[in-house]
Amino acid sequence: MSEQSTVDQTLPEGIELTPLSDGFRQDPYGILRRIQQQTSVHEDRQLKRFIYTHHDHVKDILRDKDFWSDPRKGNPGTFMREILGSNSRADEEPSMLLMDEPGHRRLRSLVSASFTPATVERWRERTRQVVERVLDGIQTTEFNLISDFAGPVPTVVIAELLGIDPAKHDQFKTWSDESVKTAFNPFATEAQKAAGNAASAALEGFIASEIKTRRQHLGQDLISDMIRAEDNGERLTEQEMIRQTNLLLVAGNVTTTDLIGNGIKALIDHPQQLAKLRADPSLIKNAVEEMLRYDSPVVNSGRIANRDINIGGCPVAKGESLNTSLAAANRDPAVYPDPDKFDIERLDTHHQSFGGGRHLCLGAHLARLEAQEAILGLLRRYPNLRVSARGHTYHAIPSFRGMSELWLDSTPDTGGA
Ligand code: HEM
């Protein structure tokens, strides 16, 4: 692997490196491998970001405590700055994901108790019940795994976690799906931005009324926990609670749907692995880690250089965007033997799919638990599963990788796995 850091004219840039391009949507891994092999740092001049594909660089950047995440600190026109620009309500304080210390630590510590492994584990039984309920709703032998199963499960789980009335779950899902489409999309059209903002505003209004109700009757749910939460005597303001709740939906729904969808697809594409998991369901925890490594729902994350730096032999100035390719890092041959092989018994499943350092995914344990229960529940319910003639379609949401459609046929005796 050559360690050059100069701009290679032949490497793709801009939209070609996002799921908005058909080539990248179908197979990001071939493109990312080319970049990884040809250069240590790829300067994407169109989107004004430096792309890091090597595992050690990605890991170090995400864990650097001094790099910034607040887009307002980025140099004008750079990728991270534009992410904020894609939100027309840019005058607002960003959410925890795009916040620096000390504000980030304060907000995170106020909600983190609800997401520890021990607290999340208490949700396992309820998650299992949600999975069974959603499966009961599938009435046809051929179904779209994404809209009929992988989409509803995380939305219903988070809605239950927030204590939302089941009658409102559908509306809640529509708003959160709409707002995520523009949340991290620097290419959103004016119409998309308007639709996204309208959905976010509706969602925020809804959350505000839920907070009001909860203030009168505190319950065993996340909104009540946030009202109760105290950190050095400090409470979350109503605006902060609304923004945190919104972030949980935006950060947690599409990603977990994509993990379940990508994971099931990987299993069906690898019948021996599927058979192994069916024979020994205790492999599920490792299988989900391998799914996260093999086909990460979040393709890239990022930071802003808080100083002039030189990583991988490439000087980068303060204020520039450092774009970490989680998808490339997870398949770096320098770290993973046979990186393109999907192996649910792989020992080296450690991955970068939840990011790292201060901003390490807060919902990682919940996402894992949901995926474990959803995948096992689906396999228990359907002894035969194969992709039907209607096939699959990848969605085109920048920074995310997943499908809008994955049609499965569950009829027996079709030669399926
Ligand atoms: C498979 C599913 C998921 C994936 C792949 C994923 C991935 C990520 C990634 C890559 C980050 C940025 C980390 C960084 O830049 O270092 C992140 C942050 C975050 N995620 Fe997740 N996520 C998932 C599910 C969830 C769920 C279910 C929730 C909550 C219900 C959640 C809540 C958050 C929050 C609040 C942050 C911001 C944390 C911070 O800034 O301190 N995520 N996630």
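An account of the accompanying structure is given in this report. (Residues numbered from 1 in each chain as written. Predicted model: local features only at pLDDT ≥ 70, side-chain atom pairs only at ≥ 80, totals over all residues.)

1. Description of the pairing of strand β1 (residues 41-44)
Here comes step 1: Sheet topology places β1 next to strand β2 (residues 49-52); four bridges connect them, and they run antiparallel. Bridged to E43 within β2 is F50. (Pairing = 2+ DSSP bridges. Helix = DSSP H or I, 4+ residues; strand = E, 2+ residues; numbered from the N terminus.)

2. Some words on the packing of helix α13 (residues 238-269) against helix α17 (residues 364-381)
The description of two packed helices rests on the angle between their axes and on the distance between the axes.
Here comes step 1: Put simply, α13 and α17 touch, their axes get as near as 10 Å, and they point 40° apart. Relative to α17, the element α13 lies oblique. The two elements α13 and α17 cross, and the hand of that crossing is right-handed. Residue-level inspection shows G252, T255, T256, L259, I260, G263 and I264 of α13 in contact with α17, the latter providing A367, E370, A371, A374, I375 and L378. (Axes fitted to C-alpha atoms, helices over the stretch in contact; angles between N-to-C directions. Parallel < 35°, antiparallel > 145°, perpendicular 65-115°, else oblique. Left-handed = near helix turned anticlockwise from the far one by under 90°. Contact = placed C-beta atoms within 7 Å.)

3. Structural notes on helix α11 (residues 190-216)
Here comes step 1: Helix length check: α11, at 27 residues, gives a terminal C-alpha distance of 39 Å against a target of 39 Å (1.5 Å per residue), a fit within 8%.
Here comes step 2: Of the residues making up α11, those classed as buried are G196, S200, L203, I207, E210 and R214. (Expected span 1.5 Å × (residues − 1). Buried ≥ 20, exposed ≤ 12 C-beta atoms within 10 Å, placed from the backbone.)

4. Observations regarding the site of the ligand
Here comes step 1: Near the ligand you find 27 residues, and of these G252, T255, G355, C361 and G363 are the closest.
Here comes step 2: Breaking the shell around the ligand down by element, the ones donating at least two residues are α13 and α17.
Here comes step 3: Among the elements that take part in the shell around the ligand, α13 stands out by supplying seven residues, more than any other. (Near = placed C-beta within 6 Å.)

5. Digging into the nonpolar core
Here comes step 1: Among the nonpolar cores identified, the biggest contains 92 residues, and V153, I260 and L322 are the most heavily contacted of them.
Here comes step 2: Counting residues per element, this core draws most heavily on α13, which supplies twelve residues.
Here comes step 3: Setting aside anything within four residues of it in sequence, one finds I260 in contact with A150, V153, A371, A374 and I375. (Core = buried A, V, L, I, M, F, W, Y, C linked by C-beta atoms within 7 Å.)

6. Looking at the packing of helix α15 (residues 284-294) against α17
Here comes step 1: At their nearest, the axes of α15 and α17 sit 10 Å apart, and the two run at 110° to each other. In this view, α15 runs roughly perpendicular relative to α17, as classed from their interaxial angle. Crossing of α15 over α17 shows right-handed handedness. Within the contact between the two elements, α15 uses I284, K285 and V288 and α17 uses R368, A371, Q372, I375 and L376.
Here comes step 2: Here the residues of the contact of α15 with α17 sort into five nonpolar, one polar and two charged. (Nonpolar A, V, L, I, M, F, W, Y, C, P; charged D, E, K, R; others polar.)

7. A few points about α15
Here comes step 1: For α15, the complete set of buried residues consists of A287, V288, E290, M291, L292, R293 and Y294.
Here comes step 2: Against α13, α14 (271-279) and α17 lie the buried residues of α15.

8. Concerning the environment of S282
Here comes step 1: By the element assignment, S282 lies in the loop between α14 and α15.
Here comes step 2: Separated by 33 residues in sequence, S282 and L249 have C-alpha atoms that sit 29 Å apart.

9. Observations concerning the sheet that holds strand β8 (residues 386-394)
Here comes step 1: Taken in spatial order, the three strands line up as β3-β9-β8 in an open sheet, and their pairing is antiparallel. Edge strands, defined here as strands with exactly one partner in the open sheet, are β3 (142-144) and β8. Across this sheet, the average inter-strand angle for adjacent strands is 10°, counted without regard to direction.
Here comes step 2: Across the sheet, α13 lies against β8 and β9 (403-409), angled at about 40° from β9, the strand it touches most.

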